[in-house]
Structures are given as structure tokens and as C-alpha cells.
Number of protein chains: 2
Amino acid sequence: MFRILVSLGLSLYAAEPVDLIVSGKHVVTMDGGYRVIDGGAVAVRGERIVAVGARAEIDKAYKARKRIDRPNALITPGLISTHTHAPMSLLRGVADDLRLQEWLEKYIFPAEAKNVTPDFVRAGTNLAVLEMLLSGTTTYTDMYYFEEVIADATAKAGMRGVLGQTIIQFPVPDAKTPAEGLSRTEAFLKQFAGHRLITAAPAPHAIYTNADDTLRASRALANKYGVPLLIHVSETKREFDESKAKRGLTPVAALAKLGVFDGRTVAAHGVWLEDADIGTLAAKKVGDAHCPSSNMKLASGIAPVAKLLKQGVSLGLGPDGPAGSNNDFNLFEEMDLAGKLQKIATMDPETLPARTVVEMATIGGARVLGMEKEIGSIEAGKRADLIAVSLDAPHAYPMFNVYSQLVNALKGSDVTDVVVNGKLLVEQRKALTLDAAKVRLAAERYAGAVRNSVVR
Amino acid sequence: MFRILVSLGLSLYAAEPVDLIVSGKHVVTMDGGYRVIDGGAVAVRGERIVAVGARAEIDKAYKARKRIDRPNALITPGLISTHTHAPMSLLRGVADDLRLQEWLEKYIFPAEAKNVTPDFVRAGTNLAVLEMLLSGTTTYTDMYYFEEVIADATAKAGMRGVLGQTIIQFPVPDAKTPAEGLSRTEAFLKQFAGHRLITAAPAPHAIYTNADDTLRASRALANKYGVPLLIHVSETKREFDESKAKRGLTPVAALAKLGVFDGRTVAAHGVWLEDADIGTLAAKKVGDAHCPSSNMKLASGIAPVAKLLKQGVSLGLGPDGPAGSNNDFNLFEEMDLAGKLQKIATMDPETLPARTVVEMATIGGARVLGMEKEIGSIEAGKRADLIAVSLDAPHAYPMFNVYSQLVNALKGSDVTDVVVNGKLLVEQRKALTLDAAKVRLAAERYAGAVRNSVVR
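### Description of the overall build of chain A
- For chain A, the helix and strand inventory stands at 17 helices and 17 strands.
- Looking at chain A as a whole, 65% of its 456 residues are labelled buried.
- For chain A, the share of sequence-separated contacts (at least 6 apart) that also reach a separation of at least 24 residues comes to 72%.
- Counting 54 positive and 51 negative side-chain charges, chain A places the averaged centre of each group 3 Å from the other.

### Concerning the relation of the copies chain B and chain A
- The two copies are related by a screw operation: chain B maps onto chain A through 180° of rotation and 0.0 Å of translation along the axis, at an RMSD of 0.0 Å. These values place the two chain copies in the arrangement generated by a two-fold rotation axis. In terms of C-alpha distance to the rotation axis, chain B has Ser413(B) as its closest residue, with the C-alpha 3.3 Å off the axis.
- An overlap of 100% is found between the interface residues of chain B and their copies at the interface of chain A, pointing to a shared contact surface.

### Concerning the layout of surface pockets
All names here are of chain B.
- If you add up the space inside the second largest pocket, you get close to 280 Å³.
- What lines the second largest pocket is a set of 19 residues, and nearest its centre among them are Gly194, His195, Ile198, Thr199 and Met371.
- No other element matches the three residues that strand E9 (residues 198-204) contributes to the lining of the second largest pocket.
- Across the lining of the second largest pocket, the residue classes break down as nine nonpolar, four polar and six charged.

### Some details on the domain arrangement of chain A
Residues and elements named next belong to chain A.
- Domains assigned within chain A are domain 1 (17-77 + 382-431) and domain 2 (79-369).
- Look at where the C-alpha atoms of domain 1 and domain 2 centre, and you get two points 28 Å apart.
- Taken together, the 26 residues of domain 1 in the interface contact 25 residues of domain 2.
- Between domain 1 and domain 2 the total buried area reaches about 2,200 Å² when both faces are included, carbon and sulfur atoms providing 67% of it.
- Its largest share of buried area at the contact with domain 2, domain 1 owes to Met30, Tyr34 and Val407, together 26% of the area lost on that side.
- Where domain 1 packs against domain 2, one counts two salt bridges.
- Note that Arg160 and Asp385 form a salt bridge whose closest N and O atoms lie 2.8 Å from each other.
- On inspection of domain 1 and its partner domain 2, the count reaches three residue pairs in polar contact (both at pLDDT 80 or more).
- Among the elements that take part in the side of domain 1 that touches domain 2, helix H16 (residues 402-408) stands out by supplying five residues, more than any other.
- Among the residues forming the side of domain 1 that touches domain 2, the class breakdown is 16 nonpolar, four polar and six charged.

### Structural notes on the interface of chain B and chain A
- Counting residues at the interface gives 65 residues for chain B and 65 residues for chain A.
- For the pair chain B and chain A, the summed buried surface comes to about 5,200 Å²; carbon and sulfur atoms form 58% of the total.
- Taken as a group, Asp97(B), Tyr397(B) and Phe400(B) account for 15% of the area that chain B buries against chain A, more than any other trio of residues on that side.
- Secondary structure elements with two or more residues in the side of chain B that touches chain A: helix H4 (118-134), helix H11 (292-297), helix H13 (331-346), helix H16 (402-408) and helix H17 (436-453) of chain B.
- The leading source of residues in the side of chain B that touches chain A is H17(B), at eight residues.
- When the residues that make up the side of chain B that touches chain A are grouped by side-chain class, the tally is 31 nonpolar, 15 polar and 19 charged.

### Here we look at the environment of His83(B)
Residues and elements named next belong to chain B.
- Within the secondary structure, His83 sits in strand E6 (residues 79-84).
- Take His83: its relative accessible area is 2%, and that puts it in the buried class.
- A sequence separation of 58 residues divides His83 from Thr141, and the C-alpha atoms of the two residues are 5.0 Å apart.
- Discounting chain neighbours no more than four positions away, the residues touching His83 are Thr141, Met143, His232, Ala268, His269, Ala289, Cys291, Leu317, Gly318, Pro319 and Asp320.
- A polar side-chain atom of His83 sits 3.4 Å from a polar atom in the side chain of His85.

### A short note on the confidence of the model for chain A
- Mean pLDDT over chain A stands at 95; residues scoring 70 or higher make up 97%.
- Segment residues 1-10 of chain A is flagged for pLDDT under 50; beyond a separation of four residues in sequence, or across chains, it makes two contacts in the model.

### Focus on the environment of Ile150(A)
All names here are of chain A.
- Within the secondary structure layout, Ile150 lies in helix H5 (residues 147-157).
- Its relative accessible area of 0% is what places Ile150 among the buried residues.
- Note: C-alpha distance between Ile150 and Asn126 (24 residues apart in sequence) is 8.5 Å.
- Apart from residues lying up to four places away in sequence, Ile150 is in contact with Pro87, Val121, Thr125, Tyr140, Asp142, Tyr144, Tyr145 and Leu163.

How each quantity is defined
- Counting restarts for each chain: residues are numbered from 1 in the order of the written sequence.
- Think of it this way: whatever chain is written first is A, whatever ligand is written first is 1, and the rest follow in order.
- With the structure being a predicted model, the display of local features is reserved for residues of pLDDT at least 70 and the display and counting of side-chain atom pairs for 80 or more, all residues being used for whole-chain, interface and lining totals.
- Side-chain metrics in this entry use all non-hydrogen atoms of the structure; hydrogen atoms and water are not considered.
- The numbering of helices and of strands both runs from the N terminus, where a helix is a DSSP run of H or I of at least 4 residues and a strand a run of E of at least 2.
- Three exposure classes are used, based on accessible area relative to the maximum for each residue type with a 1.4 Å probe and protein chains only: buried under 20%, partly exposed in between, and exposed over 50%.
- For this analysis, residues touch if any pair of their heavy atoms sits within 4.5 Å.
- None of His or the chain ends enter the tally, which takes Lys and Arg as positive and Asp and Glu as negative.
- Charge positions come from single atoms, namely NZ of Lys, CZ of Arg, CG of Asp or CD of Glu.
- C-alpha atoms of residues with pLDDT of at least 70 in both copies form the basis for the least-squares superposition of the copies.
- A cavity here means a set of 1 Å grid points, computed over protein atoms only, where a 1.4 Å probe fits but cannot escape. A pocket is an open set with protein on both sides within 12 Å along at least 5 of 7 lines, and lining residues have an atom within 4 Å of a point.
- Grid points are joined across faces, edges and corners, and a volume is the space filled by probe spheres set on the points.
- In this count, Pro and Cys sit with the nonpolar residues alongside Ala, Val, Leu, Ile, Met, Phe, Trp and Tyr, while Asp, Glu, Lys and Arg are called charged and the others, Gly among them, polar.
- An automatic or database domain assignment supplies the residue ranges for each domain.
- By buried area we mean the combined loss of accessible area, with a 1.4 Å probe, across both parts when two parts are placed together.
- For this document, the term salt bridge refers to a Lys or Arg side-chain nitrogen within 4 Å of an Asp or Glu carboxyl oxygen.
- Pairs of N or O atoms are called polar contacts if they sit within 3.5 Å, as long as, within protein, a hydrogen donor faces a hydrogen acceptor (for residues adjacent in sequence, only side-chain-to-side-chain pairs).
- What pLDDT conveys is the predictor's confidence in a given residue, as a value from 0 to 100.

Printed below as a string of C-alpha cells:
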């Protein structure tokens, strides 16, 4: 009887214990109804959100072990990056103002051949993860070499990643042949199967850098382990023209014909697309990682984002790599650019309004990765991936619309606190799981070697 | 005899007294030889730079009353904004994702009619100046109402400004008629003649919002007082088409024919230009204020920047106003966008390399304003307008090229210290001449009134 009363009392009158409560001026949920809660709060237990609502109600219902109260900040879902190359942080701006193919073939591939080792990759990943976390990215999608090292460093920092082991036809730092690449990939998929933060994935580089057999084998691997396949798709006109000349098909049509899209796929860039290609991406439920900075800086072209959205293709944002195609990992800048680029491309300022852009950086990105049931919005039951964005800086006020402010005025530097999978990784702009001084020291050491290896 | 020895001793062996020494990892001078001094320093006496060189030499030759040593920062010329509307900070993002004419006529002009008073303008200017200084802008070019209040607030904060009093055909908050606008302008030019920080200027809004007589009278005023004339030129296709239909001339050709370019002129935007127009701007030495964010966000068009540079037109950068065309005053973002926009527009990644972009934000902007002998580079004899940009953030390293880093990786938030006219205005990211809390309070008060006056 006593036990029953106590139990009743606890549930009716006393606050339930939770691990964390985060409160802010507005909680921008990005849920199905685009709810924005003024004076809102989020309760977190373990890895998940248990409740979202007005702060007064959350505080009445829950008692937290730890609180993050930011009365002058937006609380938003953590930002989701759908395409990057994290360890290229160590090649930041090493070769600028060049065409993609020249940049890749004359500078990047040779610099990588000379410098990329597991330790290089770890140092670069730590720098990238530090930068991404401090600017509000909580999940990132990667394609590089020694991806198991990237996964280990990412998990150690507590960040979420969909991490693709590169498979490519020519010798690269971690594999002499595509067969070796495929076998490394399978080992990687096994190693991280069921990991709480890491989704290991095969990443055949592109249609023009892989044999058809290798592409098919990559797809088979992804499907065997139930993970997405990551690939660059129709990034440049050269890729598009060569595919048409060689196969009589666009890259999208060729990849579809090869069966590469028969399973969850994240297509990076998607710049050169015919209308039929857009139909194919929609029909095959291929997610598209839009990279406005990279597409502009390398003069690759302008992705038909408005058309893709209209046809129901899932769209996310990616900064691409920082070695010349960007040169950083800042998703606030990708939001800003995504909106502006479509407006000028379509000569219509009503294209891609701010809320649509925020969607691309959050729940849209989650859809691209097939993780929309787990991340991308602030809803009870989902993983607790969220950030606080300060409204203190002079560029942050006045504010008439939260989405406009996020896309057009707020910066990565306004992010003060970052929670991933229920764990606080950044507090008051300080990274808690990475030692910034050590990260810097390691990065600068490798930068010296890179400097010596690149002919300018 | 003793006096002679002492005097000799002082000049030969002892360090000369100066007011300020600023040192950094690299001094990016933007002088005629694009000198970058590793481990450099700048000595300042009064309002001017007295020496630039290696820190060891500067420290030997000069003894400073105050030092700013930033061993892990770039020291660069202060950034120069060639087109904005400072008090529109209070309308930040009030109406987004709209066409220029609709935005202007349905939202901005009515909101201004209801809200703009001298006090509104002062509150908005303080917010704008605070934001500009904290993100590294040391000189800005403005067009608004009650410009004498803007000038007073700007001078009180210690910032440099080329400030244009608006002249326009219809009733506006500070003038019922263009005649009243012209007479206000003349009073303003007299009031600030010879001011050490402020250049007062007439700013007829545009060709489509002024009668020809008013434009001619504005030119006459500018020439009488020896100051530049500021005007919007060929910003939208509508402006271009209407001018052709009405006058049979492009806006540039029409303005040239009216004599508006017969004297120093700062033309804002310059988007819709025929080849002959570019020739006219070059021949008339009209400076062009390129506004990439605004042109993209309002879908106005893409200015032919590469062509303008090739024809020898002076080019600067401007954020335009934050009320929907941007929505902030960050010149680091304008640098980033200027480069990327021209690359994608010309489909050539070699267009507008990073150094050219930095030039537009510094000495190029000074040329646009006709102030290149006074500001825009770090050289002995010039006004001491300079900033320190920290290389501490994870997005700031490694660094392979200073110009690439400034354009593509560094942010306004990396600016730590700002000197204008020899006076330290920002130290360690803290504004010294403006009280941030008071600025915010005043801004939020007016934001409430704006919110109530705009139908959304």
C-alpha cells in the first residue's frame, strides 16, 4: 500500500529524474508542424529526448542532473552535414582558384599520396570534428581513406557520423587496388555494425573513378550490411559529358542502370541533372547532398535544388572538403549560400525561403541519410542531438523571424552549446571531449609536411 | 653642448616615442607590392602610421605608450564598406524572400514612414557601427535619412564614414520634397566639412526615384563641397528596362548624359551593365560598390565584376542594408561571396582569386571612395586604420596562403582588435567606445515598434 502511494505520488506530483534539461528563448523543433516554442525546454534521459514543451511545464515534470539554461538563445536540432572529407582539414586552402580536375589530379591526389597515413587521418579528423562541433554540426557524412580511424576519432569525440570508406580504381593511401578497398570496407562495416554513433558505409568515389564491377560490388556490400552507399554524382560538366560520350547515358542514368541506386544512396553534389535524372533520383529515393560553397568555388555548376525539392527528392547540405572547395566545415554558411544561390540562379527571391533551408540542414539531411526517425528534429523519443545558438551578438538582433535569422544573420560562432546523443560535447563555446591545444599541435605538425610536398 | 648631445643621443640611439605599436604573425600590408611581413609590426603616432616593418626593428626604433601584440593573428588594413544603410539594422530581416520593388514599396518604405525618427536613426546606427567594428570594418559608406545624426553617432564611436544624405522625389521621414532634401544635404555638408572622420555626401537615391533636375542639383552640391556623390545604379532589370523604355538609354548612359558622373561618384550595385556602360564607368572614373549578398538574395542579378576589373573600374564591396537584402554587415562574408559568385557566374574557378578579393575589401574600396592616399593599406604616412584577425579558431589553421585564408576561411568573429584613425576602438573583441548593453536595449525598444507596424 505504502509502495503504491509513493509510486502514485512520484508520478502525479514529484518531478521525474532526467539527465539533462536544455532551455532557451525559443525551441525551434523542426517537427512535422514546424513548432516553435517560446520559452521552451527539452528534457533528455540517456541518449534520447523524453519531452519538449514550455519550460514551466518541463521544469514541473522533470528534475535534471544537469541544466543548460540559455534564456537568450535558440535551441535547434543539431545540424546535419551530408557530404564532407574530414581529414582534408589539414589541406585547408592548399590549392585554390583551380578547376576541379586540375585541383584533384595535380594537387590533391599527389599531396594525399605523399602525406596520408592513419595518424594524418586521425589528426585531421580531430581538427574537423572540433570545428564542426563548435559551429553546430552534430552529424556528419564523410568519404575518405582509413575511414576506421576517422570512425574511431569521431566516436571518441562523441560525434555522430555516417562514414564512408573510399573505394577507387587506382592506388590510394589505404588500398593498392579496388579489391583491397572493398575488403577494407567490409572489415570496416563489420567493425562498426550496430555502433551507437557511427554508421559505417561503402563510398565508391564516383562513376568515372571506378569500374562497373566495383560499383556493383559496393552496392552489394551496402545492402548486405543494411547501410547507405555514398558516392559523388554528376558534379562537373566533364563527368556528365564523358558519361554521355562513353555510355550514351547521363551519370545518373548509368548508375541507375548498373543497380547502384537499388538501396539507400547518398548522392553528393547532383549538379548536372536532366529532368529525367531528377525523376530517377526521386523514384529510387536517392538522397541528394547539396554543396553550394564547393559548387561555386570550383565553378562546377548550380544544382537544380528548387526542381529537386519539387520532385520530392530528399535534400541535405554539405560543406564538401576544405582543401580548396570551401575552405571550412561551417553549415551556417552553407545555409546562407544555399538560399542565395537558388534565388540568383532562378532570378526569383521567393525560391528556397529560409524555413526550407533550415529544413535542409536538419530533418532534410536526416532524410537523406535515412535517419529521419532518429535525428533531425527535436521530438520526444528521438536521439538528443541539439544545439544552443546565442542571440547576444549585434548581428543577432532584432529578430523578426527565427528561420530568417538562422539562415541570413546567425553564424557558426554563435553556437554556444552542443549535445549529441544526450551527451554535452560543447559548453559555453568550449569543447569538452577534445583538447583544442593538442588538436592544433598535431594539425600544425602535418601542415608542415604538406607544405613541403606541394609545388606551388 | 649638453643639450645637443642629449638630442643627438635621443635620435641616434634611443627609441622614438609613439602612441601605439600593433604586432602580429603576419602584417598583410596591401601596399603596391602586396608586401606580407612575417613577424611584422606597425607603429602609430596620433592619427597616422609612422612605420611598418619587422617587429624587431620597429621595437628597436620606437617605444609605444600602448601595445597590441597578437603573435597568432594577421594584421590587415581595416575593411572598407562601400555601400550600406546603417540604421536598417533595426529592420534586420523584417521582410525576406521578396522581389526588390515589392520589398521596398510594400514593406520598407511604409515601415520607414511610420518609424524613422532621429532617435531611431541614432539607435540603428549605434547597432550597425557596433556590428561593423566587431567584424573588422573601419570605414563605411552610407545612404539614409537624418544622415547628420548618423554622422554624429559614427564620429562619437570613432569610426570613419562616407555618409550620404538621401535625396528622393517623394516625401520621406526627413524631407517632404526633394528641395527640402537638397537643402538638408547642403546644411549637412557644411556641418561636417573638414571633419577628421566623416565625409558628408549627397546621395540621390537612384535615377528612377529622382527628377533629372534633382540629380543635377545633387551633382552640383557634391562638386561645390568637393565630396563624392553616392547613388544606386542599375541594380535591377526593371530599373534597366524602364530607363531604356523611357529614355532610350541605359541607366549609366542616362546618368552620364545628365552629367551626374562629372565628379567623383560611388555607384552602388552596377548589376545591369552593357559593355558601353562599363566603358563609361571607367572613363568617368566612377567607383563601383559591388554587393554580392544583396544581389543574390533579392535576385537582382550578377554584376560583371571580372569585366569591370579588366576595364580598370575601381571596385569595392558593400553588404547593403540588413532589412532583407543581406541581413548583416559582415565584410568577411561579402569577400567569400564575391569570389564564389564570380567563379560560378563565369564558370571559371580562376576568376577573382583571393588576393583580388582582399584588394576589393581594402585598397580597392579606398579607391572607390577617392581615399586611396589616406586609407586602404598599411603604409607609413597613411591613417592608422587596421585590424587584428586571430588564427586561433579551428577553422583558421593550417594556413597555406594569407589571402585564401582571409577570403575563404576566416570570419568576422575572428577579428579581435580594431584601430581607426590611430585610436583603439575594439580590444580583445570588446568595443571600447560603445556600450553594447545600452545599444541592445535601444535597438530592442525600436524593434517592438517596427514589429507592430509591419503587416506580415
